[in-house]
Amino acid sequence: MTTGEKIAALRKKKNLTQEQLAEILNVTRQSVSRWEMDVAFPETEKLIKLSRLLDCSIDYLLELTDVKTPYPRK
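This write-up is about the structure you can find in this document. None of these values were measured; they are calculated from a predicted model. (Residues numbered from 1 in each chain as written. Predicted model: local features only at pLDDT ≥ 70, side-chain atom pairs only at ≥ 80, totals over all residues. Heavy atoms only, no water.)

## Quick word on the pattern of salt bridges
Phase 1 of the analysis: The final tally for this structure, using the stated rule, is four salt bridges.
Phase 2 of the analysis: Two residues, Glu-36 and Arg-11, come together in a salt bridge whose shortest N-O distance is 2.6 Å. In this pair, Glu-36 is assigned in helix H3 (residues 29–36) and Arg-11 in helix H1 (residues 3–13), connecting sequence segments 25 residues apart.
Phase 3 of the analysis: For Arg-11, a relative accessible area of 7% gives the class buried.
Phase 4 of the analysis: Where Asp-55 meets Lys-14, a salt bridge forms, and the shortest distance between an N and an O atom there is 2.4 Å. Linking Asp-55 in the loop between helix H4 (44–53) and helix H5 (58–62) with Lys-14 in the loop between H1 and helix H2 (18–25), this pair joins segments that are 41 residues apart in sequence. (Salt bridge = Lys/Arg side-chain N within 4 Å of Asp/Glu carboxyl O. Helix = DSSP H or I, 4+ residues; strand = E, 2+ residues; numbered from the N terminus. Buried < 20%, exposed > 50% of the residue type's maximum accessible area, 1.4 Å probe, protein only.)

Next up, the structure:
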């Protein structure tokens, strides 16, 4: 599942429209639409707000939970 698909699914689970989410995040509805279609990506500040609003981790939104660390841990 892509970041955009996750945003769309979590938004719908919260019963929010793209317009409502956009208003909460102070962006346009078109911005939310572009995120959900994976045409654009939310800024860091918006990712933080999205994770809080949608009750998920930033790692989940960014698909980082299954990525291995590129550097060996000491």
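## Regarding the packing of aromatic side chains
Phase 1 of the analysis: A complete count under the given rule lists zero aromatic pairs for this structure.
Phase 2 of the analysis: Over the aromatic face of Tyr-60 sits the side chain of Lys-6, whose NZ or CZ is 4.2 Å from the ring centroid. (Phe/Tyr/Trp six-rings, centres within 6.5 Å; stacked < 30°, edge-to-face > 60°. Lys NZ or Arg CZ within 6 Å of the ring centre and 35° of its normal.)

## With respect to H4
Phase 1 of the analysis: Turning to H4, its buried residues are Lys-46, Leu-47, Leu-50 and Ser-51. For H4, the angular spread of the buried residues around the axis is 135°, confining them to a single face.
Phase 2 of the analysis: Residues of H4 that are buried make contact with H1, H2, H3 and H5.
Phase 3 of the analysis: After H4 finishes, the residue Asp-55 shows a positive phi value of roughly 55°. (Arc of directions from axis to C-beta. Contact = heavy atoms within 4.5 Å.)

## Concerning unusual backbone geometry
Phase 1 of the analysis: Even without glycine at this site, Asn-15 takes up a positive phi of about 60°.
Phase 2 of the analysis: Looking at the secondary structure, you find Asn-15 in the loop between H1 and H2.
Phase 3 of the analysis: Take Asn-15: its relative accessible area is 67%, and that puts it in the exposed class.
Phase 4 of the analysis: For Asp-38, which is not glycine, the phi torsion reads 60° and is therefore positive.
Phase 5 of the analysis: Mapped onto the fold, Asp-38 is located in the loop between H3 and H4.
Phase 6 of the analysis: For Asp-38, a relative accessible area of 39% translates into the label partly exposed.

## Overview of H2
Phase 1 of the analysis: Listed as buried for H2 are Gln-18, Leu-21, Ala-22 and Leu-25. One side of H2 holds all its buried residues, which, seen down the axis, span an arc of 100°.
Phase 2 of the analysis: Looking at the buried residues of H2, the elements they touch are H1, H3 and H4.
Phase 3 of the analysis: Immediately beyond the C-terminal end of H2, within one or two residues, lies Asn-26, with a positive phi of roughly 60°.

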